[in-house]
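Notes for the structure review
Residues per chain, in single letters:
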Amino acid sequence: MATFVDRYPDEAKVVQASFAVAFIALGIGALFGVIQALHRTDILRIIDSVDYYTLLTAHGVLLALVFTIFFLVGLFTWAIARSFERPMPDIRLTWAWFGLMTTGSVFAAVAILAGLFPDIPMSADVLYTFYAPLQAHPIFYIGLAMFIIGTWMAGADWFLAYRGWRSENPDDRIPLQAFMVLTTMIMWFVSTIGVAVSVVFFLIPWSLGLVETVNPLLTRTLFWYFGHPVVYFWLMPAYLLWYTVLPKLAGGRLFSDPLARVVFVLFVLLSTPVGIHHQYLDPGIAEGFKFIAMTNTMFLLLPSLLTAFTVVASVEHGARQRGGEGYLRWLGALPWRDPAFTGMALAGLMFAAGGFSGMINAGMNINYLIHNTLWVPGHFHMTVGTAVALTMMAGTYWLLPQLTGKTVFSRPIGLLQVVLWFVGMVFMSNAMHRGGLLGIPRRTAEPQYQQFDFATAVGSIGEIQAQIALGGVLLFLSVVLFLFNVAATWAQDRVDTPVDDRIPEPLSPPSGAPLVLDNLALWTVIAIVLVVLAYTLPLASIITDAGLLGKSPAFPVSVSVQPVVDAAISAFASVSPVTSAEVQPIEGVVDRLAEVIR
Amino acid sequence: MRRMSSALFLVLVAFTVPIAVELRTVAGFFGVELPFIAVIIVELLLLAVITAVYVLGRITPDDDEPSPL
C-alpha cells in the first residue's frame, strides 16, 4: 500500500531533511542540558562556570527554537501535502525556505559556540531571549532574522498550496489538518512582526555599531510580543498530532472537528495580546497594562480545557472501540505497547500539570513569588520540554515510516524511551518547582549563595539537586535512545506497508461547524485589532519614556570579574569616611574579590 | 482475572512516580516530614494496589454480568 513517500517523494525529502536538522539540534541541545544539570547541582563540573552561559544559550536556542520549529515545518509540510492531496506548488520554493532556515540556524549556532573558544572574537552569550543590553555578535542576530524569514517563506508556501486547492474546491471545507496549519501560520505572521522589528531595526544596527544605544525595555517588550505566541507555535504541532493522530492510534476517531476548529481560532485571537505577562516585574510598564495582559492570559485557559475534553473523549472512544469498558477500565484497553500512542498520552498528561503551574506564572500577584526562580524552567520543561518535545518524538515513530517507507527499528526501545523521558522530567521539573518556591534563582551556574541557606519545607536542597541531576541524566539517556532508534530506522530496508497511515473521519464532521470558522481573513483582522488594542499604549509609553533608541550602551558579553573589582574599588574609595566606618575595610573587600577572581 | 502486559505495567510506573513524589510534598505541607525512602515505599504500594485492582478486581460490573440479587 502506497504511503506518503510513494505519493509525494519530493515533499518527503524536505520533511526528512527538516526532521534531520531538528534531531541534530535535539542531540546537541540535550548534551548541553545534562552538562548544565550536573554543573549547577555541583555533582559533576566539566566546564568552567563562565562557559555555563554559552551552553545555556545554545541549549535554549537549539531546543526551543531550532528543534521545535524545524520539526514543525516538516510536520506542516506533511500535513499540507497530505490533507490537500497535492504536492507543494513549487518544490524549489520549499527547498529555498529550508535552506534559508538552516543557514540562519548555523549562523546563530556558530556565533554562540564560538564563545567557548577565547581565540575566536565572537560570542552570543545572550540566552535564547537575547535581552538587550546584553549584546551578541551581529552574525547571531542576522542568523535569527534569516531563520524567521525562512518560516515566513514556509508559511507563504503553504498558503500558495491552499490557494491552488481552493481554486479547484471552492465550496469544500478546509481539511482539518490544513486548517490547523493555516491558522497557526496566521498567528505566527502576526506575532513575529514584533521580533522582526526588534532584530532588524534595533539589534542588528546596534551590534554592527551603526547606532550606539538601544532601549532595553522596548526590545524586551517586542521580544515578548513574539515570545508568548511562540509558545503556541511550539504547541500547535503537538495539538495537530493530539487532535488528528492520537485518536487514530487509540483505535478511534476525533470526537469533534468543529470543536477543534474553534480551539485553533481562539489561539489565533488570544495568543498574541498577552506577552506583557512575562514582564510583570519590568519597571516602565504601567500596572494596568499588566493587569489587562493577565486577564487576556486567563482567557487562554478556555482553548486548553476544550482540547483536554476533546482529546480525552476521542481517546476514550478509541479504547471502547477496542473493547474497553467501565469507568476507568477502558484505560487498560489502550495500545500502550505503541510508543507513538504512549508518548503522546504521557505528554498530554504532563501538559495538564504544566498548565496548572503556568497559571501561577500568569497570576500577576502570585507571579512575584516565583519570578526568575527555578520554578519557571520547571514549568517550561513540562510544557515545551515534554508536552511538545515528547509529542514530537512520539509522533516520529508514526511519521518516519511514512516518510521513509521503513518500519521503526525497535518499538520496545521506543516505549522505554518515552517512559524514560516522562519519569526523568517528573524528577527534574518537580525539583525545579520546589526549588523555585524556595527562591533558588534560574539562569545561574552558582545558585548557592555564600553564607546563605535556603530553608526547605520538605527534604533538603541537596535532595532537590539530586533530583534535578537524576532527571537530567534520564532525559539525556532518553534522547540517546531516541536518536539511536531514529538512525537505525533510517538505515533499515524499505518495505511495502511500513505503517497504517490512514486517519479516519471525525465523529462530528466539519459539516457541523459554522462556515464563519473557515473565514481566515476575518480572524486575521480581529487578531490584528486585538494586538493594536493591547500594545499601542504600552509601546507608546515606553518610547515616550526613553526614546526609540534608548540610552543604554552594550553590556559586555564576555564575563570578567576584573571590571567589577575596579568598579567596586573606585566606589569604596569614593565613599565618605562616616559610611565606610560601617562597612568592611576596603582592603578586606579587595582581598575577597581577588579571591573570587582566583 | 485479566492479564497486564509489560507495556501497560511500564506506563503504570510512569503514572505513579509523580504521584508518589508529590504525596510526600503534600504530607510535608501538613507537617508530616517523610524521608525520601518513603517515595519508594509509596511507589511500590501504589503499583501493588493498582496492579491488584486491575488484575483481580472490577471497578464496575459489566453490563452482561448477572445481577447478584
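Everything numeric here is computed off the predicted structure, so don't read it as measured data.

How each quantity is defined
- Residues numbered from 1 in each chain as written.
- Chains lettered and ligands numbered in written order.
- Predicted model: local features only at pLDDT ≥ 70, side-chain atom pairs only at ≥ 80, totals over all residues.
- Heavy atoms only, no water.
- Helix = DSSP H or I, 4+ residues; strand = E, 2+ residues; numbered from the N terminus.
- Rg over C-alpha atoms; globule rule 2.2 N^0.38 Å.
- Buried < 20%, exposed > 50% of the residue type's maximum accessible area, 1.4 Å probe, protein only.
- Contact = heavy atoms within 4.5 Å.
- Areas by Shrake-Rupley, 256 points an atom, 1.4 Å probe, with all protein chains shown as cover.
- Lys, Arg positive; Asp, Glu negative; His and termini not counted.
- Charge placed at Lys NZ, Arg CZ, Asp CG, Glu CD.
- Buried area = accessible area lost by both parts, 1.4 Å probe.
- Salt bridge = Lys/Arg side-chain N within 4 Å of Asp/Glu carboxyl O.
- pLDDT = per-residue confidence, 0-100.
- Axes fitted to C-alpha atoms, helices over the stretch in contact; angles between N-to-C directions.
- Parallel < 35°, antiparallel > 145°, perpendicular 65-115°, else oblique.
- Nonpolar A, V, L, I, M, F, W, Y, C, P; charged D, E, K, R; others polar.
- Phe/Tyr/Trp six-rings, centres within 6.5 Å; stacked < 30°, edge-to-face > 60°.
- Lys NZ or Arg CZ within 6 Å of the ring centre and 35° of its normal.
- Expected span 1.5 Å × (residues − 1).
- Core = buried A, V, L, I, M, F, W, Y, C linked by side-chain atoms within 4.5 Å.

Check the secondary structure of chain A and you find 21 helices and zero strands. Radius of gyration (C-alpha) of chain A: 25 Å, near the 25 Å computed for a compact globule of 598 residues. Taken along the three principal axes of its C-alpha coordinates, chain A extends 85 × 50 × 45 Å. Buried positions account for 59% of the 598 residues belonging to chain A. Excluding contacts between residues fewer than 6 apart, the proportion of contacts in chain A whose partners are at least 24 apart in sequence is 84%. In the structure as shown, chain A presents an accessible area of about 23,500 Å², 68% of it carried by carbon and sulfur atoms. Taken together, the 29 basic and 36 acidic charged side chains of chain A have centroids lying 9 Å from each other.

Regarding its fold elements, chain B presents two helices and zero strands. Per-residue burial over chain B gives 35% buried out of 69 residues. Restricting to contacts in chain B with at least 6 residues of sequence separation, those with at least 24 account for 67%. Total accessible area on chain B is roughly 4,600 Å²; 73% of this is exposed by carbon and sulfur atoms.

Further remarks concern the interface of chain A and chain B. Contact residues are listed per partner, giving 25 residues for chain A and 22 residues for chain B. The junction of chain A with chain B conceals about 2,200 Å² of combined surface from both sides, 71% of it contributed by carbon and sulfur atoms. Counting the surface chain A buries against chain B, the share from its top three residues, A:Arg329, A:Trp336 and A:Val458, is 28%. In this assembly, chain A and chain B are joined by one salt bridge. The residue B:Arg24 makes a salt bridge to A:Glu463 at a minimum N-O spacing of 2.7 Å.

Moving on, we come to the confidence of the model for chain A. Interpretation of the predicted coordinates at a detailed level should be avoided for regions scoring low in pLDDT. All names here are of chain A. Summary statistics for chain A give a mean pLDDT of 92 and a share of 93% for residues scoring 70 or more. Put simply, helix H20 (residues 577–580) is where chain A has its lowest mean pLDDT, 48, and helix H4 (residues 91–113) is where it has its highest, 98. For residues 578–583, every residue scores under 50 in pLDDT, and the model assigns this stretch two contacts once sequence neighbours within four places are set aside.

We now examine the packing of helix H16 (residues 411–437) of chain A against helix H1 (residues 6–29) of chain B. Interhelical geometry of H16(A) versus H1(B) gives an angle of 5° and a closest axis separation of 9 Å. Looking at the two axes, H16(A) sits roughly parallel to H1(B). Contacts between H16(A) and H1(B) pair A:Leu415, A:Leu416, A:Val419, A:Phe422, A:Val423, A:Val426, A:Phe427, A:Asn430 and A:Arg434 from the former with B:Ala7, B:Leu10, B:Ala14, B:Phe15, B:Val17, B:Pro18, B:Val21, B:Glu22, B:Arg24 and B:Thr25 from the latter. Looking at the contact of H16(A) with H1(B) residue by residue, the classes come out as 14 nonpolar, two polar and three charged.

It is worth spelling out the environment of A:Met428 at this point. All names here are of chain A. Along the chain, the position of Met 428 falls in helix H16. What makes Met 428 buried here is its relative accessible area of 7%. Apart from the residues within four sequence positions on either side, Met 428 is in contact with His 381, Gln 467, Ile 468, Gly 471, Gly 472 and Leu 475.

Residue and element names in this part refer to chain A. Tallied over the entire structure, the rule returns 40 aromatic pairs over all chains. Relative to Phe 484, the ring of Phe 409 has its centre 5.6 Å away and its plane inclined at 90°; by these criteria the two rings are edge-to-face. Taken as a pair, Phe 409 in the loop between helix H15 (375–404) and H16 and Phe 484 in helix H17 (residues 461–490) lie far apart in primary sequence, 75 residues in all. Taking relative accessible area as the criterion, Phe 409 reaches 38% and is therefore assigned partly exposed. In this structure an aromatic cluster arises from ring pairing among Tyr 128, Phe 130, Tyr 131, Phe 140, Tyr 141, Trp 188, Phe 223, Trp 224, Phe 226 and Phe 233. Taking the ring centre of Tyr 131 as reference, the NZ or CZ of Arg 220 above it sits at 4.1 Å. Here the guanidinium or amino end of Arg 261 rests over the ring plane of Phe 179, the centre of that ring lying 5.1 Å away.

For an α-helix, 3.6 residues make a turn, and residues three or four places apart therefore share a direction. Compared with the 22 Å implied by 1.5 Å per residue over 16 residues, the 22 Å span of helix H8 (residues 229–244) of chain A between its first and last C-alpha is a close match. Among the 16 residues in H8(A), 15 count as buried, and that is most of the element.

Side-chain pairs of opposite charge can arise where the charged atoms are in close proximity. All names here are of chain A. One pass over the full model with this rule turns up 17 salt bridges over all chains. Across the pair Asp 6 and Arg 494 runs a salt bridge, and its minimum N-O distance is 2.7 Å. With Asp 6 in helix H1 (residues 4–7) and Arg 494 in the loop between H17 and helix H18 (520–546), this pair connects stretches of sequence that are 488 residues apart. Given a relative accessible area of 39%, Asp 6 falls into the partly exposed group. Exposure remark for Arg 494: the relative accessible area of 47% places this residue in the partly exposed category. Here Lys 248 makes a salt bridge to Asp 500, at a shortest N to O gap of 3.1 Å. Within this pair, whereas Lys 248 is found in helix H9 (residues 246–250), its partner Asp 500 is found in the loop between H17 and H18, the two being separated by 252 residues in sequence. The exposure class assigned to Lys 248 is buried, which follows from its relative accessible area of 15%. The class for Asp 500 is partly exposed, based on a relative accessible area of 32%. One connected set of salt bridges, linked through shared partners, spans Arg 173, Asp 257, Arg 261 and Asp 518.

A few words on the nonpolar core. Note on soluble globular proteins: their nonpolar side chains tend to be buried together. Residue and element names in this part refer to chain A. By size, the foremost hydrophobic cluster in this structure holds 203 residues, and its most contacted members are Trp 78, Phe 130, Phe 140, Trp 158, Tyr 239 and Trp 242. For this core, the element with the most residues is helix H3 (residues 49–84), which contributes 23 residues. Setting aside residues no more than four positions away along its own chain, Trp 78 makes contact with Phe 4, Val 15, Gln 177, Leu 240, Trp 398, Leu 399, Gln 402, Leu 403 and Ile 503.

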